[in-house]
Amino acid sequence: MKISVIGTGYVGLVTGTCLAEVGNDVLCLDLDANKINILKQGGIPIYEPGLEEMVKRNMAAGRLRFTTDVTESASHGAIQFIAVGTPPDEDGSADLQYVVAAARAIGRNMQEYKLIVDKSTVPVGTADRVRAAVQEELNKRGAKIEFSIASNPEFLKEGAAVEDFMRPDRIVVGADNPSAVELIRSLYAPFNRNRDRLIVMDIKSAELTKYAANAMLATRISFMNELALLAEKMGADIEHVRHGIGSDPRIGYHYLYAGCGYGGSCFPKDVQAMQRSATEYGCELRVLNAVEMANNRQKLVLIDKITSRFGDDLSGRNIALWGLAFKPNTDDMRDAPSRVLINGLWARGATVTAFDPVAMHETQRIFGNDPRLKLADTPMAALQGADALAIVTEWKMFRAPDFAAVKATLKTPVIFDGRNMYEPKDVRAAGLEYFSIGRP
């Protein structure tokens, strides 16, 4: 099939590349000329394991191309995926200006039937706005061209997006046109060979499904973080509790890890947007309000532990950070707990020396050349001259450090572990003080 994908962020670039991988003719559109130039030269503007190699392979095969030409994109694909950003507006709602602009561009330039698919994470009712925008542009032209609208939300985890797309748990499709459903079913046939993963529903239910999934996962994280705070007070170990409740098949182990809060481009934004959407319908989502409040509080936990150990005035102290991205296997620092920690340490007079295997350039983009932040070349280099180590991201390379070397390098042998990466007895046996989340 000929496919157009509008937007080359995480969702758009992964979608277009994976669809090309199974033989489709894909054209990806972005108005950011710099981003398109990077892609045309064989690079990618984001970090995602396995994606760069797949982009190069499909470009070389002629199945994947990139453009800034709106007319070319609208003409190319029988299926037009809208995968642009939906950043939070000032009131927390999803900003749909880029989605609507993409729909208008299709309406202004289409010359034949198109299936227009919302791939972006959007509030319920967005498909109606997309339909209206396309129809309005067609009316301006006096053109009578048929088109269909569908919702096909993504369920991609940053750091595992390629794997998630190529081997999906489910493919949710919202459509009110049987022929649109069959077209999408044909498109996804290569991903459905073992069993039928396609779940067909009405458009509004599909739109809500994406928000509901992220809200549920965020709720599990915040609930475990609240239990962790209680466990500390009680002298219990949240890791033991996690094993105890995760073994119940009704609960399972996923997203039960206590830590220093969630971040990224999805959970914070989608929880806020869902609350805002509910308000517009006269409904208060009290659980989600609590989820957001609990997460904001959890991002301060490491600061609280550091000041409890060293005092509120951290002037003259340097804290080493391992991990800057909001999670492993990505360079995404949107709403990352590391940003809250860095700003909190600065506010109390401390300086920071940090290391992350892939998020260093993103860190420089965010913080610039602030002299209070130094970026180290290796994890151990970050410890040089540091008063303590704080772990914010659970990268695999941090799992088995040489604790004797860590102790010898730190000015004060203290670790503040925001991801519960180590067994407390092992760290303490090496002569280090160890403060983790939800453990005595």
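Whatever comes next refers back to the structure up there.
Cut-offs and rules
- Residues numbered from 1 in each chain as written.
- Predicted model: local features only at pLDDT ≥ 70, side-chain atom pairs only at ≥ 80, totals over all residues.
- Heavy atoms only, no water.
- Helix = DSSP H or I, 4+ residues; strand = E, 2+ residues; numbered from the N terminus.
- Axes fitted to C-alpha atoms, helices over the stretch in contact; angles between N-to-C directions.
- Parallel < 35°, antiparallel > 145°, perpendicular 65-115°, else oblique.
- Left-handed = near helix turned anticlockwise from the far one by under 90°.
- Contact = heavy atoms within 4.5 Å.
- Nonpolar A, V, L, I, M, F, W, Y, C, P; charged D, E, K, R; others polar.
- Pairing = 2+ DSSP bridges.
- Core = buried A, V, L, I, M, F, W, Y, C linked by side-chain atoms within 4.5 Å.
- Buried < 20%, exposed > 50% of the residue type's maximum accessible area, 1.4 Å probe, protein only.

Chemist: Just checking my understanding: could you explain the environment of Ala405 for this structure?
Modeler: Positionally, Ala405 belongs in helix H17 (residues 403–409). Taking the C-alpha atoms as reference points, Ala405 and Met380, separated by 25 residues in sequence, lie 8.3 Å from one another.

Chemist: Quick question: what am I supposed to make of the packing of helix H1 (residues 10–21) against helix H3 (residues 51–60) here?
Modeler: Two packed helices can be described by the angle between their axes and the distance between those axes. Axis separation between H1 and H3 bottoms out at 9 Å; the angle between their running directions is 50°. With respect to their mutual orientation, H1 and H3 come out oblique. As H1 runs across H3, the sense of the crossing is left-handed. Residues Leu13, Val14, Thr17, Cys18, Ala20 and Glu21 of H1 lie in contact with H3, whose contacting residues are Leu51, Met54, Val55, Arg57 and Asn58. Per-class residue counts for the contact of H1 with H3 are seven nonpolar, two polar and two charged.

Chemist: Whenever I open this one, the sheet that holds strand S14 (residues 433–435) confuses me. Can you help?
Modeler: Strands in a sheet are paired, the pairing made by backbone hydrogen bonds, and the direction either parallel or antiparallel. With respect to topology, six strands assemble into an open sheet ordered S11-S10-S9-S12-S13-S14, the strand pairing being parallel. Strands with a single pairing partner mark the edges of an open sheet, and in this sheet they are strand S11 (373–375) and S14. Averaged over all pairs of adjacent strands, the angle between strand axes in this sheet comes to 20°, irrespective of strand direction. Sheet analysis places strand S9 (residues 318–322) next to strand S12 (residues 388–391), joined by four bridges and oriented parallel. The residue of S12 that forms the bridge with Trp322 is Ile391. Each of S9, strand S10 (351–355), S11 and S12 is contacted by helix H14 (residues 337–347), which is oriented at about 180° to S9, the strand it contacts most. The sheet strands contacting helix H15 (residues 360–367) are S10 and S11, and the helix crosses S11 at an angle near 160°.

Chemist: Got a minute to help me understand the nonpolar core in this structure?
Modeler: If you look at the biggest cluster of nonpolar residues, it comprises 49 residues, and the most contacted ones within it are Leu321, Trp322, Leu341, Leu345, Ile415 and Tyr422. Elements represented by at least two residues in this core include exactly helix H13 (301–310), S9, H14, S10, H15, S12, H17 and strand S13 (414–417). Those residues in contact with Tyr422 that sit more than four places away from it in its chain are Trp322, Ile391, Phe398, Arg399, Pro401, Phe403, Asp417, Val427, Tyr434 and Arg439. Core analysis: the next-biggest nonpolar cluster, separate from the first, contains 40 residues, Ala20, Ile44, Val55 and Phe66 among them.

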